[in-house]
Amino acid sequence: MKSAGNDPASATPAAVPPSGAEPESPPSGSGPGPAPLPPELESYLSELVHRTRAVCGTHPVSVLAVGSVALGDYRHGRSDVDVTLVVDPSLPRTALPELAAALAHPALPCPAAGLELTVYDADFAGRPSAEAGYLLDLNTGPELPGKVSFDAAESPAFWYVLDRSVAARAGRSLHGRPAREAVAEPERRAVLGALVASVREHADGDGHLADNRVLNGCRSVVFCRTGHWSAKREAGRAVAGSEPAFRPLIDEALSSFDRPRRAARPLPPETVHDFLTWAADRVAAAARAEDPPPAGPRET
């Protein structure tokens with residue numbers, strides 16, 4: 001989710017989760033059960049878990065697929081693969097550069113647009129936090145700008161707050177403990193504050209495809225309305241149905257989102273900006289509603 005979807009209604013047979021995975025609860029409001037892992041990713045995720053265990057030994061507590069894979073909206077040729085790794089705090093920090101090298105594309109060829117891997121120690125991941133807090137943030141892949149960071153102060157916190165919220169609610173276990181035992185969901189006020197920052201960054205437009213910016217805005221609005229994480233296309237259809245003034249733009253974004261990244265269609269910049277300004281206002285209003293009312297004068 002830090003930047004960027006498989007249709008949950010597709011008839012693909014259920015895949016066997018790799019490496020000791022445990023069944024997860026379905027994403028909030030998503031139906032009777034989790035979507036199967038995309039077949040294009042099965043062997044890749046299995047090898048990712050294998051290499052993680054080879055480097056980290058017994059220290060991995062949980063390996064979770066998050067983002068579009070967790071929400072049943074992975075689109076091959078378009079989506080990233082988002083993975084959250086929770087490790088025992090005793091993991092030697094010298095293992096982190098070795099892990100980054102083992103998982104980096106093309107050493108481990110990524111079949112998706114890219115891999116976004118975030119590593120947390122279990123003590124941090126097990127408590128609600130509004131901080132970034134990662135030990136390693138790795139972005140790698142054929143269509144993803146590379147990044148290797150071992151210092152959480154280098155990155156804005158909001159992306160990681162949102163990722164952990166999705167992980168806690170909908171993370172798909174690939175190895176180890178289920179998400180609900182490994183990741184604590186950030187408090188709602190922190191999540192709403194992170195959504196405000198996310199929508200405002202997408203309004204600026206730098207480094208993000210226009211269709212993705214619009215659909216991220218839709219997902220943020222739907223979360224504020226329902227308290228649930230939705231797949232981007234599901235959120236887009238919901239907002240298009242409730243906001244007729246923006247329906248033409250959202251329909252264009254949905255059509256473009258079904259295309260590979262390199263074939264994404266341009267959207268009218270002013271209309272995109274107007275929509276994201278509206279979405280940011282809706283999210284900011286929800287965040288303000290979480291603030292406690294000011295204390296009145298004390299009686300004497």
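Residues numbered from 1 in each chain as written. Predicted model: local features only at pLDDT ≥ 70, side-chain atom pairs only at ≥ 80, totals over all residues. Heavy atoms only, no water.

Glancing now at helix α5 (residues 158-170). A rise of 1.5 Å per residue sets the reference length of α5, with its 13 residues, at 18 Å; its end C-alpha atoms lie 18 Å apart and thus fit the reference within 8%. Residues of α5 that are buried: F158, W159, Y160, V161, L162, D163, R164, S165, V166, A167, A168 and A170. (Helix = DSSP H or I, 4+ residues; strand = E, 2+ residues; numbered from the N terminus. Expected span 1.5 Å × (residues − 1). Buried < 20%, exposed > 50% of the residue type's maximum accessible area, 1.4 Å probe, protein only.)

Another point: the environment of D88. Mapping D88 onto the fold places it in the loop between β2 (81-87) and α3 (95-103). Here the alpha-carbon distance between D88 and D123, two residues 35 residues apart in the chain, equals 7.8 Å. For D88, the contacting residues outside a window of four places in its chain are H59 and V61. Reaching out from D88, the side chain makes a polar contact with the side chain of S90 at a distance of 2.5 Å. (Contact = heavy atoms within 4.5 Å. Polar contact = N/O pair within 3.5 Å; in protein donor to acceptor, adjacent residues only side chain to side chain.)

This next bit is on the pattern of salt bridges. Counted by the stated rule, this structure contains 12 salt bridges. With a closest N to O distance of 2.6 Å, R233 and D73 form a salt bridge. You can see R233 sitting in helix α9 (residues 232-242) and its partner D73 sitting in the loop between α2 (67-70) and β2, a full 160 residues away along the chain. The pair formed by R233 and D73 is uniform in burial state, with each residue classed as buried. Shared partners join several salt bridges into a network, and the residues in it are D73, R75, R233 and D258. (Salt bridge = Lys/Arg side-chain N within 4 Å of Asp/Glu carboxyl O.)

On average, residues of the protein chain score 89 in pLDDT, and 85% of them reach the 70 mark or higher. Contacts for the low-pLDDT stretch residues 3-32, under 50 throughout, to residues beyond four places or in other chains number 82 contacts. (pLDDT = per-residue confidence, 0-100.)

Grouped together as the largest cluster of nonpolar side chains are 61 residues, with contacts concentrated most on L195, V214, W229, V239, I250 and F275. No other element matches the 10 residues that helix α11 (residues 269-290) contributes to this core. In terms of nonpolar packing, the next biggest core, distinct from the first, is built from 33 residues, L48, V83, A102 and L138 among them. (Core = buried A, V, L, I, M, F, W, Y, C linked by side-chain atoms within 4.5 Å.)

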